[in-house]
Amino acid sequence: MSANDALHIAVLAGDGIGPEVMAPALDVLRKIEATTDLKFRFTEAPAGANHYRETGKSMPDSTVRLCDEADAILLGACGLPSVRYPDNTEIMPQVELRFHFDLYAGVRPARLIPGVPSPIVGADQRGIDLVVIRESTEGLFASMGKGVVTHDDARETLVITRKTSERLFEFSFRLAERRKARGRPGALTCVDKANVFKAFAFFREMFDEAAKRHPEVKADRLYVDACSAMLVKRPWDFDVMVMENMFGDILSDMTAGLIGGMGMAPSADIGDRHAVFQPCHGTAPDIMGQGKANPTGMILSAAMMLDWLADKHGLEAAAEAGERIERAIDKVYADGIKPMEFGGRNGTADIGKAVLAAL
């Protein structure tokens, strides 16, 4: 693909504050388009709890087809506490897309931006710049919708397969190599519970096999409980971590808390052909429509999308554009922008305008 070709982006704004944070992210991408040779074609489509309430489906077949045909998928936030499936589980198109397109690598960066408060003593001097990679289609989540509940007990099944794990580890080592080329340590830690469960011992064995193929990456292994304790004491010691789905679900929320909260945290779910990019936060219906939502995580997710597109299509301009967005966000926070979740007075519009100006 040449830089003159339009990159087709499927836009699923979702529910709650999803559309509110999506708007400034699209404005940022349009600004990139106006100042580079990159071209975008955005196609919006329905998905989420509101669509389920109206139609009985979390997303129409046309949305799935659009996602299949697009170069990348940009997702706001989906789900509402008051709208549930008959079994009382949430409406989660983002999880359904992971299974549908085999998006096995959930990438959750956690980078402390200058001027953003962290609860970790010393983080403002030492910095935090790590990535959690959670396997996104198996683990305990493989049992989603399949659990067995009786009057006396409930059972869910954890699944780890060789096919998915080997691809996950290759992806993770490659990401660590790319980060090393950009000045990071180039270290990868396998987080598991291999001392208790055979499934995690199997997981670690495959990690060890992959480590032999990537000797330039420093490979470590940690049990999830020890890792959790270390993350809240010395998060700057970590570079890239890879783990099972449920462990990653929990630790990625914790690492987001280390860098200012969910509103600051971007994410991606990546497969061999498709990828979805969305902020880590939820739909926040309590602040919907009030202009209070922090769009930083959504904007940084768009930057992640550009970096992935650059790697996929060999578009150096897209990688440079993603870095420009990150630098712009760093500048606006260093200059004093303060979202409302930090006790500040800057809402969605303020932050979006500031990032556009910094670009």
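Look a little higher up for the structure.
Draft legend 1. Quick look at the environment of Ala77. By the element assignment, Ala77 lies in strand S3 (residues 72-77). Ala77 sits in the buried class, given a relative accessible area of 2%. The spatial distance from the C-alpha of Ala77 to the C-alpha of Pro339 is 19 Å, given a sequence separation of 262 residues. When neighbours within four sequence positions are excluded, Ala77 is seen to be in contact with Ala13, Gly14, Asp15, Gly18, His281, Gly282 and Thr283.

Draft legend 2. The arrangement of the packing of helix H1 (residues 18-35) against helix H10 (residues 296-313) in detail. Taken N-terminus to C-terminus, the directions of H1 and H10 make an angle of 45°; their axes are 8 Å apart at the nearest point. Taken together, the axis directions place H1 and H10 in an arrangement best described as oblique. Of the two elements, H1 crosses H10, and the hand of that crossing is right-handed. Facing Val21, Met22, Pro24, Ala25, Val28 and Leu29 of H1, the residues of H10 in contact are Met298, Ile299, Ala302, Met305 and Leu306. Of the residues in the contact of H1 with H10, the class split is 11 nonpolar, no polar and no charged.

Draft legend 3. Structural context of the side chain of Ser172. Along the chain, Ser172 falls in helix H6 (residues 162-181). On the accessibility criterion, Ser172 (0% relative accessible area) is buried. At a separation of 2.8 Å, a polar atom in the side chain of Ser172 contacts the main-chain carbonyl oxygen of Leu168. Once residues within four sequence positions are removed from consideration, Ser172 is found in contact with Ile133, Leu188 and Val242.

Draft legend 4. Fine view of the packing of aromatic side chains. Considering all chains together, one arrives at eight aromatic pairs under this definition. Ring centres 5.0 Å apart and planes at 15° place the aromatic pair Phe200 and Phe247 in the stacked group. Taken together, the residues span a long stretch of sequence, with Phe200 in helix H7 (residues 198-213) and Phe247 in helix H9 (residues 245-258) at a distance of 47 residues. Judged on exposure class, the residue Phe200 and its partner Phe247 are both buried.

Calculation criteria
Residues numbered from 1 in each chain as written. Predicted model: local features only at pLDDT ≥ 70, side-chain atom pairs only at ≥ 80, totals over all residues. Heavy atoms only, no water. Helix = DSSP H or I, 4+ residues; strand = E, 2+ residues; numbered from the N terminus. Buried < 20%, exposed > 50% of the residue type's maximum accessible area, 1.4 Å probe, protein only. Contact = heavy atoms within 4.5 Å. Axes fitted to C-alpha atoms, helices over the stretch in contact; angles between N-to-C directions. Parallel < 35°, antiparallel > 145°, perpendicular 65-115°, else oblique. Left-handed = near helix turned anticlockwise from the far one by under 90°. Nonpolar A, V, L, I, M, F, W, Y, C, P; charged D, E, K, R; others polar. Polar contact = N/O pair within 3.5 Å; in protein donor to acceptor, adjacent residues only side chain to side chain. Phe/Tyr/Trp six-rings, centres within 6.5 Å; stacked < 30°, edge-to-face > 60°.

Limitation: the analysis is restricted to geometry and does not speak to function.
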